[in-house]
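Here is how the chains run, residue by residue.
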Amino acid sequence: MSDLVLTCEHLVKRFGGIHATDQVSLQIPRGARHALIGPNGAGKTTLINLLTGVLTPTKGRIHLRGEDISKLPPHERVRRGLVRTFQINQLFEGLTPLQTLAMTLSQQRGQGARWWQALGHSPDLNLRCEQLLAQFHLTKVMNHCTHELPYGKRRLLEMAIALACEPRVLLLDEPAAGVPAGEREELLQTVAALPVDVSVVLIEHDMDLVFSFAHRITVLVQGAVLTEGPPAEIAADPRVREVYLGHGDQHG
Amino acid sequence: MSAANSLASLVKLRWWEAALWLLLLALPWLMPTHALLISEITIIALFAMSLDLILGYSGIVSLGHAAFFGMGAYTAALFAKHLHPDPMFGLSIAMLVSALLGAVCSLGVLRGSDLTRIMVTLGVALILQELANKLDWLTGGADGLQGVVMGPVLGRFEFDLFGQTAAWYALGITLLVFVLLRRLVVSPFGYSLQAIRDNRLRAQAIGIPVHARLVAIYTLAAGLAGLAGGLQAQTTGFASLDVFGFDRSADVLLMLVIGGSGWLWGGLVGAVVFKTLHSVISAWTPQYWTFWLGLFLVLLMLVGRERLLRPWTWGRKA
Amino acid sequence: MAEWLQIESLSAGYGEAVILHDVSLALPQGQTLALLGRNGAGKTTLINTIAGATRQHAGRIRLNGVALHSLHSYARAAAGVAWVPQERDIFKSLTVLENLTAVARPGAWTPARVFELFPRLAERQRNMGHQLSGGEQQMLAVGRALVLNPKLLLLDEPLEGLAPIIVQELLQAIARITSEEGLSAVIVEQHPQAILAISHHAAVLDQGRVIHAGPALELLNQSALLDHLLGMSLRKD
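Rules and cut-offs
- Residues numbered from 1 in each chain as written.
- Chains lettered and ligands numbered in written order.
- Predicted model: local features only at pLDDT ≥ 70, side-chain atom pairs only at ≥ 80, totals over all residues.
- Axes fitted to C-alpha atoms, helices over the stretch in contact; angles between N-to-C directions.
- Helix = DSSP H or I, 4+ residues; strand = E, 2+ residues; numbered from the N terminus.
- Left-handed = near helix turned anticlockwise from the far one by under 90°.
- Contact = placed C-beta atoms within 7 Å.
- Nonpolar A, V, L, I, M, F, W, Y, C, P; charged D, E, K, R; others polar.
- Domains from an automatic or database assignment.
- Buried ≥ 20, exposed ≤ 12 C-beta atoms within 10 Å, placed from the backbone.
- Pairing = 2+ DSSP bridges.

Caption draft 1: Main features of the packing of helix 4 (residues 66–83) of chain B against helix 5 (residues 87–109) of chain B. All names here are of chain B. The interhelical angle for the contact between helix 4 and helix 5, taken along N-to-C directions, is 145°, at an axis separation of 8 Å. The handedness of the crossing between helix 4 and helix 5 comes out as right-handed. Contacts between helix 4 and helix 5 pair F68, M71, G72, T75, A76, F79 and A80 from the former with G90, L91, I93, A94, M95, V97, S98, L101 and G102 from the latter. Taken together, the residues of the contact of helix 4 with helix 5 break down into 11 nonpolar, 5 polar and no charged.

In structure tokens, the structure reads:
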């Protein structure tokens, strides 16, 4: 039995005449630090949507830790440990970061349906909340309504929610977008510091981050996999330079 | 402030909540001549609270919540008339039947846009109203179901002519429901509903089974609306077609607009303000009451609820 | 001597809150100002204030002599201010082509020219806004600002979410546009190196105040100073 946590085989998604995803196969091993790069509109987010169940594939299968999850609804996949973040923040505007995280943790621990128990009833859940809030510098704003938060904090909350789901496989869709230079490293350190058996797939355009983080990179162009390999190989590949990296001084 | 403290402060019952409830419970004794009005307002407040569960907390827009109110009313009335006059028994049955209806109807509101939901909920209420009209051998049709005589509450408290028993009965039931709902809205379940309301996509993405939760809350809200309807039938001894009426669905929505949705007291505040306005304005100018109500609503929307309550802010620029 | 863009003693914020305190900046025609600072420093607020989307408490903003501070947002756009906010805000129910033609003004920048700059948009010109990927929306937002044929371009993190190759092209395009067409630009970016390289001036904000202003090249060459300015009170939160 291989050590692959997430695989998809020949995944196809057609919208009318367009192949948004064209025969994509991926193999993510346990503990992976995998990056997915490609030009804008190449279908990276679409692939994430297929893997998480937001979109149904036209063809192909998806397996999570050996189980065929192709037909499972999104919330079932999350319960099995497949968690994602969104490129554009998807937050609960009417709740505070504290409420959001506490609720997420409750849901994660199977207490989500409890209507008789107060949120914050369990001390170790509260502790975990405090830990997450501190880790993402949200402690000061923990009681502010999400819609009042500035953009930077919102982006951090986006990530915090995903971690509150205690993921086994984490799919990050451009997590560093809008995060200032100094905090980017920190963000990725948080991700890299995840337990070794958490597998991470990262979509990003910041090449410095990608190359320092990833052990393996898949390049997606027009919905199909162009090539896949270790960072050094990808950086040197002329096709990748042509279509994505460019030739000049990469600002990273 | 630690996480535990912050969360605890949200959950704790405020002093004024307890105080208000004590006042409400004392009302039938303080104002015995208004006992009927007190019953009426309490029942409508309960109805509004049930709508708040789905509208304010879960984000489901409904223009036909009276479907469940009416179901409860007729069930309770028929039960008392043909089966057993005990109020609590009848009320439980009314609640159950309405909840069942709610569970079935919930399938229609899970998907689609707000517009779809408005249409579906409106449609259901209209269908039920017509059914009640057609089945006149059972429901009394347009004349309504009359001669509903209730037994004593809990076997001891007879319904008196002044309506005091009725008022306390209604208040007691409503308080019970309030206590239950007060726990529910600060529970993980309650917060998950707000999450679904705010961002269904993200709610799914953190593992919340959206459809299951919505079916659950819609069923509960329907059951509570049926409870209110049952109370209405029992305290007035009468059930007529207007329990399904669009007016009723619209009025309760208006009450939430006035009182504010998404916080449990909105229904009660809205019901009190609405009914009081009605009483006062109708006494003064019965035929133009809707004009003044309309004016009040426009003012409320323009000024905003928070500012309306604070006259000293009216001069300030927004 | 009044510059093309003149900002004097600007104090602004949202509602009652004052975020910017006594900000003064000047920018000549055809030049680019790089606006730097850590998160929460007020860079976006400054851009939003020039665009007219915040509450201005004090100060003056003049573009080519025209007093912007008393004008409504749409009047400022008519006066030549093109704003690309951080959230992109493209018209989701319109197609790419409609997004551009709906706001196009006469001038050198036409939708066709935008398509030359962003071939990817040309390929998707009949797609609706909400069907575009994040990066494509970003490109469209910039393109839409360009077809306004503005006098002042306000770009809030325009490079975010764009593929490296597109970033290079966009930076070159901005450099070209400002020098060749006499357009001025104020750009907020999280990657100082990239933006300083094509800017003439740089200003660093911290807690709503300008803590450094000077030639961009100078700041680019003094990386220690740059780190210090940006790293100031990094752990305050």
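Caption draft 2: Focus on the arrangement of the chains. Where 2 pairs of chains are in contact, the pair with the most contacts is made of chains A and B. A gap remains between chain B and chain C, with no contact made and the closest C-alpha atoms lying 8 Å from each other.

Caption draft 3: Structural context of the domain arrangement of chain C. Residue and element names in this part refer to chain C. When its domains are assigned, chain C resolves into domain 1 (5–10 + 23–80 + 150–231) and domain 2 (93–143). Taking the mean C-alpha position of each, domain 1 and domain 2 sit 23 Å from one another. Taken together, the contact between domain 1 and domain 2 spans 8 residues of the former and 6 residues of the latter. Counted by class, the side of domain 1 that touches domain 2 contains 5 nonpolar, 1 polar and 2 charged residues.

Caption draft 4: Here's a closer look at the interface of chain A and chain B. Between chain A and chain B, the residue contacts involve 39 residues of the former and 29 residues of the latter. Only helix 2 (74–79), helix 3 (97–108) and helix 4 (123–135) of chain A provide two or more residues apiece to the side of chain A that touches chain B. When residues in the side of chain A that touches chain B are grouped by element, the largest group, 8 residues, is from helix 3 of chain A. Looking at the side of chain A that touches chain B residue by residue, the classes come out as 19 nonpolar, 15 polar and 5 charged.

Caption draft 5: Structural context of the pairing of strand 7 (residues 169–173) of chain A. Residue and element names in this part refer to chain A. Of all the 5 residues making up strand 7, 5 are buried; the element is thus mostly covered by neighbouring parts of the structure. Both faces of strand 7 are covered, namely the face carrying V169, L171 and D173 and the face carrying L170 and L172. With 3 bridges connecting them, strand 6 (residues 82–84) and strand 7 associate as parallel partners. Residue pairing across strands places V83 opposite L170, the latter belonging to strand 7. Bridge count between strand 7 and strand 8 (residues 199–203): 5 bridges; the pairing is parallel. Residue L172 lies in a different strand from strand 8, and its bridge partner there is L202.

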